[in-house]
Amino acid sequence: MWGCAEPCLGWGHFAPSPVLFLSLLLSATPFGLLGDETRQVSLEVIPGWPDLPQNLLHIRAVGTNSTLHYVWSSLGPPSVVLVATNTPHSVLKVNWTCLLSPNPDGGLMVLPKDSIQFSSALIFTRLLEFDSTNMSEAAAQLPGKPYPPYSLAEFSWNNITDSLDPATLSATFRGFPTHDPTRAFANGSLTFKVQAFSRSGRPAQPPRLLHTAETCQLEVALVGASPRGNHSLFGLEVATLGQGPDCPSMQEQHSIDDEYTPSVFQLDQLLWGSLPSGFMQWRPVAFSQKQGNRESALPCHASPLHPTSEYSLPKSPIVQAFFGGSQNSFCAFNLTFGTSRGPGYWDQYYLSWWMLLGVGPPPLDALSPLVLGIMAVALGAPGLMLLGGGLILLLRHKQYSEYQAIN
């Protein structure tokens, strides 16, 4: 048994290469850790050993006075480490010998260490499946009888270098179970599409989450896998680092505006600590068709966060490498998609869900121009009618007052 608890040899600093590094200079609205006005956003696949998939993705957003790091990996379960520093010169360093050892502590670092202002992580641990048949009205809120979950630490993942898309600053982790005796994934896969952004805006496809250059987006899609029941509901277990003895907070925000995601008026957020902090943001909706329209919308329910001390989670090498594995406490929650009634995964063997990850204050939806226009018309029309009526009465009064008798 060997590991990397002590300082390791073989540290490497990875310079950009034309194949593995994409960089865009952008101007963005001041938003985030220190209010930087410009950020240089890059997407880099960090090369590892030649006989292993290149599955370590580094997103780096450099501002005038700060740097944001997002490190995604499918070593073990799919995970991301997010780090904010107060210098534009912080760098990520990886020691693959440590990272791939049984004790990866210290195999992933952001230097200089004293520049780190915030750090946390997300781990996507299990794909859940429930049998929703024969569910009574009284139990309609329950997802159903659980099937044995799929551990995402036991999936085989593609080489993400092959999925880099320069046009969209994205890469896709595509996986399927290493052991699949029922061949449920013979024609299916689970994908995690990670995307960075060069400017603020919204995607064209619902749920159209508002993003900035300081955020990255994740789309999780289950495609073509055979369910174990006629009306199976799927879910996802998500774990994160606890804040001392407590779990991060979860909030709901409501709006009267549903233009970006029709019939959805809610935005859910997971928040870590006080500022500067990080956030995970999503709308409580998934889709059973690739088009993502209202007809294929499925409700997404999030369970409360709970400590995981009563059971063990699949370990993430990058989380253990950055934070160490001895004193960390984790909290987890489940996301379940759909109900026993209405559209479901069984329609087209397709399910997708989107979320946003960032550092600093979460972007907040404002009322859309369409809704503002409708409100202006609705509130302005009575005023215009009153104003028009008043002018007519005034003009008629003036005509009568100017009348003079002949005699």
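Everything numeric here is computed off the predicted structure, so don't read it as measured data.

**Concerning the overall build of the protein**
Check the secondary structure of the protein and you find three helices and 23 strands. When burial is assessed residue by residue, the protein has 50% of its 407 residues classed as buried. Within the protein, residue pairs in contact and separated by at least 24 positions form 67% of the contacts whose partners lie at least 6 positions apart. When the accessible surface of the protein is summed, it comes to about 19,700 Å², and 58% of that surface belongs to carbon and sulfur atoms.

**What about the packing of aromatic side chains?**
All told, the structure shown has twelve aromatic pairs when counted by the stated rule. With a centroid separation of 5.8 Å and 70° between ring planes, the pair formed by W157 and F192 is classed as edge-to-face. Within this pair, whereas W157 is found in strand 11 (residues 155–157), its partner F192 is found in strand 13 (residues 189–196), the two being separated by 35 residues in sequence. An identical accessibility class is assigned to W157 and F192; each is buried. Ring centres of F234 and Y345 lie 4.9 Å apart, and the angle between their planes is 70°; this geometry places the pair in the edge-to-face category. Residue F234 is found in strand 15 (residues 232–241), and its partner Y345 is found in the loop between strand 22 (330–337) and strand 23 (350–359); the two are separated by 111 residues along the sequence.

**Regarding the environment of D131**
By the secondary structure assignment, D131 is in strand 8 (residues 116–131). In this structure the C-alpha to C-alpha distance between D131 and P143, which are twelve residues apart in sequence, comes to 7.6 Å. The residues touching D131, leaving out its near neighbours within four places in the chain, are P143, G144, K145, Y147 and H231. In terms of polar contacts, D131 uses its side chain to reach the side chain of T133, at 2.7 Å.

**A closer look at empty space enclosed by the protein**
Remark: the empty space left among the atoms is shown by a probe the size of a water molecule rolled over them. For the structure shown, the criterion picks out four cavities of 30 Å³ or more. Roughly 80 Å³ of volume is contained in the largest cavity. Those elements giving two or more residues to the lining of the largest cavity turn out to be strand 14 (215–223), strand 15 and strand 23. Residue classes in the lining of the largest cavity are distributed as ten nonpolar, two polar and no charged.

**Quick notes on the nonpolar core**
Among the nonpolar cores identified, the biggest contains 59 residues, and W72 and L357 are the most heavily contacted of them. The element best represented in this core is strand 23, accounting for five residues. Not counting residues within four places of it along the chain, the set of residues in contact with L357 comprises Y70, W72, V80, L82, L122, T215, C216, W272, F279 and M280. With 22 residues, the next largest nonpolar core counts V81, L92, W96 and A239 among its residues.

**Looking at a nonpolar patch on the surface**
On the surface, W49, L52 and L100 cluster together to form a nonpolar patch covering roughly 230 Å² of accessible area. As for its placement among the helices and strands, L52 is situated in the loop between strand 2 (38–45) and strand 3 (56–62).

**Describing the confidence of the model for the protein**
Any region with low pLDDT has predicted coordinates that should not be read closely. In this model, the protein carries an average pLDDT of 83, and 80% of its residues clear a pLDDT of 70 or more. Predicted confidence is poor over residues 5–36, with pLDDT under 50, and the contacts of this stretch with residues over four places away or in other chains come to 85 contacts.

**Here we look at the side chain of S73**
As for its position among the elements, S73 is in strand 4 (residues 67–73). Side-chain polar atoms of S73 contact the backbone oxygen of N55, separated by 3.2 Å. Each residue touching S73, except ones within four places of it in the same chain, is listed here: N55, L56, P78, S79, F173 and I318.

**Notes on the side chain of Q217**
You can see Q217 is positioned in strand 14. Contacts of Q217, omitting those with residues within four sequence positions, involve K193, V194, Q195, F197, P203, W354, M355 and L356.

**Section: the pattern of salt bridges**
Any two side chains of opposite charge can pair, given that their charged atoms come close. Enumeration according to the criterion identifies three salt bridges in this entry. The salt bridge involving E237 is made with R126; its shortest N-O contact spans 2.6 Å. One end of the pair, E237, is in strand 15; the other, R126, is in strand 8, and 111 residues separate them in sequence. With a relative accessible area of 5%, E237 lands in the buried category. R228 serves as the salt-bridge partner of E129, at 2.8 Å between the closest nitrogen and oxygen. Residue E129 is located in strand 8, and its partner R228 is located in the loop between strand 14 and strand 15; the two are separated by 99 residues in the primary sequence.

Parameters and conventions
- Residues numbered from 1 in each chain as written.
- Predicted model: local features only at pLDDT ≥ 70, side-chain atom pairs only at ≥ 80, totals over all residues.
- Heavy atoms only, no water.
- Helix = DSSP H or I, 4+ residues; strand = E, 2+ residues; numbered from the N terminus.
- Buried < 20%, exposed > 50% of the residue type's maximum accessible area, 1.4 Å probe, protein only.
- Contact = heavy atoms within 4.5 Å.
- Areas by Shrake-Rupley, 256 points an atom, 1.4 Å probe, with all protein chains shown as cover.
- Phe/Tyr/Trp six-rings, centres within 6.5 Å; stacked < 30°, edge-to-face > 60°.
- Polar contact = N/O pair within 3.5 Å; in protein donor to acceptor, adjacent residues only side chain to side chain.
- 1 Å grid on protein atoms, 1.4 Å probe; cavity = no way out; pocket = protein on both sides within 12 Å on 5 of 7 lines; lining within 4 Å.
- Points joined across faces, edges and corners; volume = space filled by probe spheres on them.
- Nonpolar A, V, L, I, M, F, W, Y, C, P; charged D, E, K, R; others polar.
- Core = buried A, V, L, I, M, F, W, Y, C linked by side-chain atoms within 4.5 Å.
- Patch = residues over 30% accessible without salt bridge, like charges linked within 9 Å, V, L, I, M, F, W, Y side chains within 5 Å.
- Salt bridge = Lys/Arg side-chain N within 4 Å of Asp/Glu carboxyl O.
- pLDDT = per-residue confidence, 0-100.

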